[in-house]
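Residues per chain, in single letters:
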Amino acid sequence: MTQIRTLSPLSIPYRVLQRSGSIAFALVFVLTGQGDLPELPVIGVVDSTVIGAIAITIALILVGYETAYVRRFQYKLTTDSLDIDSGVLSRRNREIPLRRIQNVDISRNIIQRGLNIAVVSFETAGGESTEATLRFVSAEEAKRLQREVGRRKHDESDRRTTNATDTEESEPTDVENKPSGASTDYTVEKLFVLDDNELALVGFFSIDLRVPGLLVAGLSTFGPIVTNLVPAASPLRSLLTLIGGPSVLTGGVSALLALLPVLLGVVLLSWLVGAASAVTSYYGFRLTETRGELRYERGLFQRYDGSIPFEKIQTLTIEDDPLKRYFGYATLYVETAGYAPGQSGSGGRGSEVAVPLAQRDRIDELITRIEPVDTIELQRPPKRARRRYLVRAGLIVGAVITGLFVISTLTSIAFPWWVAVGLLPVGGVIAIALWRHRGHWISEDHFVTRNGVFTRETRIVPLYRIQTVIDTRTIFQRRLGLATITADTAGSRSLGGSDAQAVDISAQRATTLRTELETRLQRAIHSRQDRIETLSIGGMSSSGSNSDSNSNSESGSETTASNEPEMVTTEDNTEISTNQVETKNDTTAGDAGHLEKDHNRDDNGDDDGNNDDTEETQRGEDETDDAVESESMSTEETN
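- An unreviewed UniProt entry lists the protein under the name Putative membrane protein, with Haloquadratum walsbyi J07HQW1 as the source organism.

## Focus on the packing of aromatic side chains
Both the distance between ring centres and the angle between the ring planes are used here to describe each pair of aromatic rings.
Working step 1: Summed over the entire model, instances satisfying the criterion amount to 8 aromatic pairs.
Working step 2: Sitting over the ring of Tyr 282, Arg 298 keeps its end group 5.4 Å from the ring centre.
Working step 3: Positioned over the ring face of Trp 435 is Arg 386, at 4.6 Å from the centre of the ring.

## Thoughts on the pattern of salt bridges
Working step 1: Taken as a whole and assessed by the stated rule, the structure comprises 24 salt bridges.
Working step 2: Between Glu 198 and Arg 362 there is a salt bridge, with its nearest N and O atoms 2.6 Å apart. Of this pair, Glu 198 sits in helix H5 (residues 196-204) while Arg 362 sits in helix H12 (residues 360-370), placing them 164 residues apart in sequence.
Working step 3: Residues Arg 369 and Glu 289 are paired through a salt bridge, measuring 2.9 Å at the closest nitrogen-oxygen approach. Linking Arg 369 in helix H12 with Glu 289 in strand E11 (residues 286-290), this pair joins segments that are 80 residues apart in sequence.

## Some thoughts on a nonpolar patch on the surface
Working step 1: On the surface, Phe 204, Ile 207, Leu 209, Val 267, Leu 268, Trp 271, Leu 272, Leu 323, Tyr 326 and Phe 327 cluster together to form a nonpolar patch covering roughly 1100 Å² of accessible area.
Working step 2: Looking at the nonpolar patch, the elements with two or more residues in it are helix H9 (252-282) and helix H10 (322-327).
Working step 3: Among the secondary structure elements, Phe 327 is positioned in helix H10.

## Some thoughts on the pairing of strand E13 (residues 303-309)
Working step 1: Where burial is concerned, most of E13 is hidden: 6 out of the 7 residues are buried.
Working step 2: Where strand E7 (residues 101-108) and E13 come together, 5 bridges link them in antiparallel fashion. Looking across to E13, one finds that Asp 105 is bridged to Gly 306.
Working step 3: The turn linking strand E12 (residues 293-298) back onto E13 is made up of 4 residues, and Gly 299 within it adopts a positive phi angle of 115 degrees.

## What to know about the sheet that holds strand E8 (residues 117-124)
Working step 1: Ordered by their spatial adjacency, 7 strands build an open sheet running E9-E8-E7-E13-E12-E11-E10, and the pairing between neighbours is antiparallel. Since the sheet does not close on itself, it has two edges, and those belong to strand E9 (132-138) and strand E10 (189-193), each with one partner. When strand polarity is set aside, the average angle formed by the axes of neighbouring strands in this sheet is 20 degrees.
Working step 2: In this sheet, E13 lies alongside E12 in antiparallel orientation, the contact comprising 6 bridges.

## Describing empty space enclosed by the protein
Working step 1: Summed over all chains, the structure comprises 3 cavities of 30 Å³ or more.
Working step 2: Estimated volume of the second largest cavity: approximately 40 Å³.
Working step 3: As for the second largest cavity, its lining consists of Ile 101, Gln 102, Asn 103, Val 104, Val 149, Gly 150, Lys 153, Glu 293, Ser 307 and Pro 309.
Working step 4: Only E7, helix H4 (139-165) and E13 provide two or more residues apiece to the lining of the second largest cavity.
Working step 5: Examining the composition of the lining of the second largest cavity, we find that 4 residues originate from one element, E7, more than from any other.
Working step 6: Considering only residue class, the lining of the second largest cavity consists of 4 nonpolar, 4 polar and 2 charged.

What counts and how
Within any chain, residue numbers begin from 1 and follow the written order of that chain's sequence. Reporting of local features is limited, given that this is a predicted model, to residues whose pLDDT is at least 70; pairs of side-chain atoms are given and counted only at 80 or more, and all residues count toward the totals for whole chains, interfaces and linings. The basis for every side-chain value is the complete set of heavy atoms in the structure, and neither hydrogens nor water enter the calculation. Here a Phe, Tyr or Trp ring, Trp counted by its six-membered ring, pairs with any other such ring whose centre lies within 6.5 Å, and the pair is stacked when the planes are under 30 degrees apart, edge-to-face when over 60, and tilted otherwise. In this analysis the charged atom, NZ for Lys or CZ for Arg, is taken to sit over a ring once it is within 6 Å of the ring centre and within 35 degrees of the ring normal. In the sections that follow, a salt bridge refers to a side-chain nitrogen of Lys or Arg positioned within 4 Å of a carboxyl oxygen of Asp or Glu. Numbered from the N terminus, helices here are DSSP runs of H or I no shorter than four residues, and strands are runs of E no shorter than two. Like-charged residues within 9 Å of one another, or nonpolar side chains (Val, Leu, Ile, Met, Phe, Trp, Tyr) within 5 Å, are grouped into patches, provided each residue has over 30% relative accessible area and no salt bridge. Values of accessible area rely on a 1.4 Å probe in the Shrake-Rupley scheme; residue burial ignores everything except the protein chains shown. When accessible area is computed with a 1.4 Å probe and restricted to protein chains, residues below 20% of their type maximum are described as buried, those above 50% as exposed, and intermediate ones as partly exposed. Any two strands between which DSSP finds at least two bridges are classified as paired. Axes here mean lines fitted to C-alpha atoms, for a helix over just the part in contact, with angles spanning 0 to 180 degrees between N-to-C directions. With a 1 Å grid spanning the protein atoms alone, the term cavity applies to any set of points in which a 1.4 Å probe fits but cannot get out, the term pocket to an open set with protein on both sides within 12 Å along at least five of seven lines, and the term lining residue to any residue with an atom within 4 Å of a point. Grid points are joined across faces, edges and corners, and a volume is the space filled by probe spheres set on the points. Note on residue categories: nonpolar means Ala, Val, Leu, Ile, Met, Phe, Trp, Tyr, Cys or Pro, charged means Asp, Glu, Lys or Arg, and polar means any other residue, Gly included.

Dropping the structure here:
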């Protein structure tokens, strides 16, 4: 019989302390905000006795409410759902099917670890926030829920698969009556552990770009107050006056040179804050695999413990930057549908688990374990896309030069506008690098894209996860015969436009790629369905033959063997059967993705050689150059 459970009794004092802090602050602000003690209409002058009485009354009300909330909060875990009843004045009953639960995440801060309590969050597909949260249960109960949800999801999946193929058996498998520990003793395999040296490197490669903005906002708000508090003879007073005064703009090069130490200090502070945040977030990071699930643990002050089923993984993303590429490191993100594990508390990028830093060979090994991919050979955009990037960079630098010239001419700001001319070669280098780092590749099972220079992302998408294929061609792309193909998935990052995109490929290649994605997507769906049916029929045949030929004890061992987890579920077919193709001719394309090996071919080279007759006359010379270069290029390894 399913047991109805409640929150931990220690939740009451912890929840009271949580709420009392903000209430006390608001009370002090209201009662003392006018300087002298205020006079209320009924109570009269508010003295310390009245303030104490008000505080005690609020505390008693808060304790009573939280006690009632914790005692009236009930939940139970059935074979196919999580049922939650909550509320004091207004009752709310929820029933969450286990098959919809993507991740079960546990978080504990220092105080919660001292009290041996934890927060359990249940994330579902398609949600913009956490579907359900238990605040707070004991640490042992949190681990039990995480373990049991995974086990019962697998049992339900096995039972549905068995019933779908069991047309002749008279005695179905009794999943409910299995021994309580029969399906919980699974091997936990360690996939990745972040050691101390790698943790130090994570901090070294991290920088918090929010620090400069916070400093500017703080100086603009509290700068005059701080300046008045600093003695007039102090060098800090002169520095604050320089930063906030008009001499920054009118002082010319000398003022900028005087601010150079300040700028270096801001960069150093941003790096220190980013390093501290990264080290505390990924302290003790470990990634393990058990019964078709990824389990991760991380965090120093706020400890996170989560699980992600392999069958729910939407996209793999490899991220690096120039510094990481130079030293041979990268970051791996495993994205699922739904809300982010720990996103509410750690600023996550979507529903994903990240390997913060590892050498590229270790990243490749993890990808092979999670989603085996063939050798990736990227196709770059055609040369005319590179020309487009160079023109764009020139226009941006030209606009900057013109703006500075106009400002220096019409105002008293003595800024050397001609210095910005030096940005032209910098913009050209960035434009060429943008072209070199872009590419796409499609195989029988995966669609891979790479985009970005300073933050390069390689996105690996299983074809059966694609929900929408979008062909985008802006007015500027149409003039050059270019297009962008986007593969949309159910991942939460897709909501922000961070899908896998083949950017600025030739229009003919875009049409071909879109057709290939449609065809191979349908082929992958049918292959996955055939695999499910094969596994189901094989499991039934094995069960029937063992029951006829073996003894009862032998049959029991064979039944245990047949209960191994399957890596596929039937609900995935529902998710991917909604595939559609959408064309947008007037929407600009964003950048997302990055990759491993670069096959230096153009879209209008070898792949589109048969279609050269249909290209426009104005691009004939460019296509000829691309085809010649494509013949002479060799495969290039990219770090």
